[in-house]
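For reference, the chains in residue letters:
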Amino acid sequence: MSPVDTPTAVSPAGRLDTVLGKYTMYRLILLVLAALAVYSLLLNALGWLTFGIPQMLVHLALCLGLTYASNRALAALFQVRPHSESSLITGLLLYFLFWPSFVPMDVAGVALACVLASASKYALAWRGRHIFNPAVTGAFVTGLTGLNVATWWAATPAMLWLLVPGILLVLYRTRKFLMAAVFLVVATSIVTSELLQAGVTLGGALWQALAQRPLLFFVGFMLTEPLTLPPRRWQQLALAAVVGVVFAVPYNFGFIANSPELALLVGNLLAFVVGQRGGLKLTFTGSRALTPSTTEFAFEPSRPVRFIPGQYMELDLPHAASDGKGRRRVFSLTSAPGSETVTFGVRTSEPLSAAKKVLLALKPGDHVAATSVGGDFVLPRDPRTPVLLIAAGIGITPYLAHLASGAGRDRDVVLLLLARNAGEIAYARELEASGARIVARLADGSTPPSFIADAAAAVAAGTVPGSRLDGPSLRALVPDIADRTVYVSGSPASVASLRRAARKAGARRVHADSFSGY
């Protein structure tokens, strides 16, 4: 992401976004779960847990070792690249689901759950993408065998001191607070109501629901798992409500009874039905330089890709040298829906991440796996709704699919570009043909192409106040901003400051899409 002219100092939220942006969701979840595992051992040493250190260490080694080994073996069998981070996350989840024990039957059950969890990623998959949460699948099937039953012991009050901050961090990074809130309100209301009817006080009922049942662990690490969610936010919220009911309402149908595992599997199945499930293969067709610091990559999909302009695609980019961000990276789709090729605009100036090196090393005919399509950075349904699109640097990319689909001709669109200089304005040809009204604010004071209005000239003429893009200057550039739905895209720091500026300028509806390099 190119540095741009931002209006104010970086906010704490912007700094947090920048730090978290260095890690993919998978790497962050792995780190949080690893910290919780170490914390659980510490609690046990202090006497807050009563499993026994040897049992916990053997249990942890068994879960991590078997999921890792079985995943690699199955990947070799199916001739695909193993995803080591995913297997370690699954192992840590199983560590917290099953009771640490030296009882042979219990150990056999945990071992079975680990192998089944890895196998589910391949056996219960559609077009290379697993349908059900692997850890929960392994736990559920193991429970049916009678060898062992998941206890979800992470729902222990002593664990809350680190569990709650860890979950908040994950939900913040994944932007799933609203989804988590819907699930917690629904499930907690049902559980609390039942406890109140049993004579428990309101405070005691809430404490039991949130501290002694696995609602928090479930929503933080299971329900919001990216690979098993539907693509749109409204679908995710509806799913959270349904899973909350299935999670909390007691039922028993013979050998099938209420359990967190079954609730999540039901949710996974619903998500598979309503969403665009399944990975696909992309064949690299070529690249072109957009600016000295950005490159567009084009691919031919193995089948038609359904998406809405403004959504992203997640790519699996295996690389030998880990850079802390994992293999999977998301990129905004810049091509229009229905195009024969899908394209992505990427900042490719130094320093290059491992994933970008993989992209730059691609040769025509090489294949890349796409694992999902999603996102809600979409324009209002009503074409009569005017919009203001603010793009900081390569933050222009989410808007390209909108403009390629005719948004600049079908509705009132103002596009405000922030870039270092005129040479860093990407997709100039496409922008000129878009029909949108475009304004550029260039950090070095250079003059943009003739079809783009120059915000610096307006500042020099005195019609726009100030040398920085704050609320008053933004309102002067776009006087009717209060009547527009505003979209902001760029680095976390840029998005945080631009969103504040838009609010101060009078914008009532602001949507943000932040990303910090890949």
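Look above for the structure.
Residues numbered from 1 in each chain as written. Predicted model: local features only at pLDDT ≥ 70, side-chain atom pairs only at ≥ 80, totals over all residues. Heavy atoms only, no water.

Turning to the overall build of the chain, a few remarks are in order. Looking only at helices and strands, the chain has 19 helices and 16 strands in total. Taken over the C-alpha trace, the chain has a radius of gyration of 25 Å; the compact-globule value for 518 residues is 24 Å, and the two agree within 12%. By principal-axis analysis of the C-alpha atoms, the chain measures approximately 80 × 55 × 40 Å. Evaluated residue by residue, the chain yields a buried proportion of 55% over its 518 residues. In the chain, the share of contacts with a sequence separation of at least 24, taken over all contacts with a separation of at least 6, comes to 73%. Working note: accessible area of the chain is about 21300 Å², and carbon and sulfur atoms make up 63% of it. (Helix = DSSP H or I, 4+ residues; strand = E, 2+ residues; numbered from the N terminus. Rg over C-alpha atoms; globule rule 2.2 N^0.38 Å. Buried < 20%, exposed > 50% of the residue type's maximum accessible area, 1.4 Å probe, protein only. Contact = heavy atoms within 4.5 Å. Areas by Shrake-Rupley, 256 points an atom, 1.4 Å probe, with all protein chains shown as cover.)

Now for the sheet that holds strand β6 (residues 294-301). Sheet architecture is open: six strands sit in the order β8-β7-β10-β5-β6-β9, paired in antiparallel fashion. Every interior strand has two partners, whereas the edge strands, β8 (328-332) and β9 (342-347), have only one. Here the strands of the sheet are splayed against their neighbours by 40 degrees on average, with no regard to which way each runs. Bridge count between strand β7 (residues 312-316) and β8: five bridges; the pairing is antiparallel. Among the inter-strand pairings, Met313 is bridged to a residue of β8, identified as Phe331. (Pairing = 2+ DSSP bridges. Axes fitted to C-alpha atoms, helices over the stretch in contact; angles between N-to-C directions.)

We now examine the side chain of Ser120. Turning to its location among the elements, Ser120 is positioned in helix α5 (residues 104-123). Only 2.7 Å separates the side chain of Ser120 from the backbone oxygen of Ala117, close enough to count as a polar contact. (Polar contact = N/O pair within 3.5 Å; in protein donor to acceptor, adjacent residues only side chain to side chain.)

Under the criterion given, the structure shown has six cavities of 30 Å³ or more. By volume, the largest cavity amounts to about 180 Å³. Lining the largest cavity are 14 residues; nearest its centre among them are Tyr26, Ser86, Ile89, Thr90 and Glu225. Contributions of two or more residues to the lining of the largest cavity are made by α2 (25-45), α4 (84-97) and α6 (134-145). Residues of the lining of the largest cavity, tallied by class, amount to eight nonpolar, four polar and two charged. What the second largest cavity holds in volume is close to 60 Å³. Taken together, Ala391, Gly393, Ile396, Leu417, Leu418, Ala419, Glu424, Ile425, Ala426 and Leu431 make up the lining of the second largest cavity. In terms of residues, the lining of the second largest cavity owes the most to one element, strand β12 (residues 413-419), which gives three residues. (1 Å grid on protein atoms, 1.4 Å probe; cavity = no way out; pocket = protein on both sides within 12 Å on 5 of 7 lines; lining within 4 Å. Points joined across faces, edges and corners; volume = space filled by probe spheres on them. Nonpolar A, V, L, I, M, F, W, Y, C, P; charged D, E, K, R; others polar.)

Turning to the sheet that holds strand β15 (residues 485-490), a few remarks are in order. With parallel pairing, six strands are arranged side by side in an open sheet as β14-β13-β12-β11-β15-β16. Only two strands of the sheet have a single neighbouring strand rather than two, namely β14 (453-454) and β16 (509-514). Pairing of β12 with strand β13 (residues 437-442) involves six bridges; the strand directions are parallel. Bridging from a neighbouring strand, Leu415 pairs with Ile438 of β13. Running at roughly 130 degrees to β15, helix α14 (residues 397-404) makes contact with β11 (387-392), β12, β15 and β16 of the sheet. Along the sheet face, helix α19 (residues 492-504) touches β11, β12, β15 and β16 and points at about 175 degrees away from the line of β16.

Quick look at the packing of helix α3 (residues 53-78) against α5 now. One can describe the packing of α3 onto α5 by two numbers: an axis separation of 9 Å at closest approach and a directional angle of 35 degrees. For the pair α3 and α5, the sense of crossing is right-handed. Of α5, the residues touching α3 (which contributes His59, Leu62, Cys63, Leu66, Thr67, Ser70, Asn71, Leu74, Ala75 and Phe78) are Val107, Val110, Ala111, Cys114, Val115, Ser118, Ala119, Lys121 and Tyr122. Among the residues forming the contact of α3 with α5, the class breakdown is 13 nonpolar, five polar and one charged. (Left-handed = near helix turned anticlockwise from the far one by under 90°.)

With that settled, the discussion passes to α3. A rise of 1.5 Å per residue sets the reference length of α3, with its 26 residues, at 38 Å; its end C-alpha atoms lie 37 Å apart and thus fit the reference within 8%. The set of residues buried in α3 consists of Met56, His59, Leu60, Cys63, Thr67, Ser70, Asn71, Leu74 and Ala75. On its buried side, α3 packs onto α2, α4 and α5. Once α3 ends, the next one or two residues include Gln79, with phi positive near 60 degrees. (Expected span 1.5 Å × (residues − 1).)

What follows covers the nonpolar core. Leu33, Phe96, Phe183, Phe217 and Phe221 are the most contacted members of the largest nonpolar core, which totals 78 residues. At eleven residues, α2 tops the list of elements feeding residues into this core. Among residues more than four places away in sequence, those in contact with Phe217 are Leu33, Leu93, Phe96, Leu97, Trp152, Ala154, Leu163, Ile167 and Met222. One finds Val387, Ala426, Ile438 and Tyr487 within the second-largest nonpolar core, a separate group that totals 25 residues. (Core = buried A, V, L, I, M, F, W, Y, C linked by side-chain atoms within 4.5 Å.)

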